[in-house]
Amino acid sequence: AYLSGETSLRVALQDPEITKQQIVDILRRIYGDQVTEPVDIFLHDYATNPYFYGNIDIPLVGVNRQTFVNYAAPVGRLYFSGSGTSAEFLAILQGAYYSGLDTANAILEDIREGLPLGAEFINDTPRV
């Protein structure tokens, strides 16, 4: 489940057993008493993880398709992919998968054309 705002902070700070019980309670309201107790629960707190310090990819108001093109543009020999570079499938697995394919194809194209890897400009025209 994706949680954000005050809810994500509350869940991050509370005992995981409380969170587990809350999840079971919600599932039982939806599916009835056939929902069994989980064996275990895994929670990842993105808010305090030093590699994330926040939530998943959520763009600001006013972000357009060009923003995602810019996110995915190579810098020198460094190529980027991931769900955060996908305008169509932002913040989900499909975005990471398809952007990975796009980036792999861009690398192959550069190799086939004999360009230095990460050549983002051809004849002063940005590659899009």
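Residues numbered from 1 in each chain as written. Predicted model: local features only at pLDDT ≥ 70, side-chain atom pairs only at ≥ 80, totals over all residues. Heavy atoms only, no water.

Time to look at the overall build of the protein. Along the protein, the regular secondary structure elements total 4 helices and 2 strands. If you list the helices and strands of the protein from N to C, you get α-α-α-α-β-β. Expressed as a percentage of contacts within the protein between residues at least 6 apart in sequence, the contacts between residues at least 24 apart total 32%. Surface summary for the protein: the accessible area is close to 9,900 Å², and the carbon and sulfur share equals 59%. (Helix = DSSP H or I, 4+ residues; strand = E, 2+ residues; numbered from the N terminus. Contact = heavy atoms within 4.5 Å. Areas by Shrake-Rupley, 256 points an atom, 1.4 Å probe, with all protein chains shown as cover.)

Taking 1.5 Å of rise per residue, 20 residues should cover 28 Å, and helix α4 (residues 93-112) covers 29 Å from first to last C-alpha, within 8% of that figure. Residues of α4 that are buried include every one of G95, S99, T103, A106 and D110, and no others. The arc enclosing the buried residues of α4, seen along the axis, measures out at 60°, which places them on a common side. Residues of α4 that are exposed and point more than 90 degrees away from the buried face comprise L93, Y97, I111 and R112. At the C-terminal side of α4, G114 shows a positive phi close to 70°. (Expected span 1.5 Å × (residues − 1). Buried < 20%, exposed > 50% of the residue type's maximum accessible area, 1.4 Å probe, protein only. Arc of directions from axis to C-beta.)

With that settled, consider the side chain of T103. Mapped onto the fold, T103 is located in helix α4. Not counting residues up to four positions away in its chain, the partners in contact with T103 are Y79, F80 and S81.

This part takes up the packing of aromatic side chains. Going through the model one piece at a time under the given rule, you end up with 3 aromatic pairs. Each ring, one from F68 and one from Y71, has its centre 5.8 Å from the other, and the planes form 90°; the classification is edge-to-face. With a gap of 3 residues between them, F68 and Y71 both fall in helix α3 (residues 65-72), about one helical turn apart. Plain terms: the ring middles of F89 and Y98 are 5.4 Å apart, the flat faces sit at 35° to each other, and that makes the pair tilted. Under the relative-accessibility criterion, F89 is labelled partly exposed at 32%. (Phe/Tyr/Trp six-rings, centres within 6.5 Å; stacked < 30°, edge-to-face > 60°.)

All told, the structure shown has 3 salt bridges when counted by the stated rule. Of the charged contacts, one joins E88 and R65 as a salt bridge, the two residues approaching to 2.5 Å between their closest N and O atoms. Taken together, the residues E88 in the loop between α3 and α4 and R65 in helix α3 connect sequence positions 23 residues apart. Neither E88 nor R65 differs from the other in exposure class; each is exposed. (Salt bridge = Lys/Arg side-chain N within 4 Å of Asp/Glu carboxyl O.)

On to the environment of Y71, then. Residue classification places Y71 among the partly exposed residues on the basis of a relative accessible area of 46%. Those residues within four positions of Y71 in sequence are excluded, and the remaining contacts are F80, G84 and T85.

Turning our attention to the environment of R77. Looking at the element boundaries, R77 is found in the loop between α3 and α4. Residue classification places R77 among the exposed residues on the basis of a relative accessible area of 68%.

Moving on, we get to the confidence of the model for the protein. The pLDDT averaged across the protein works out to 81; a share of 81% of its residues lies at or above 70. For the protein, the element scoring lowest by mean pLDDT is strand β1 (residues 121-122), at 48; helix α2 (residues 16-31) scores highest, at 94. In the model, residues 121-125 has pLDDT below 50 throughout and makes 5 contacts with residues more than four positions away in sequence or in other chains. (pLDDT = per-residue confidence, 0-100.)

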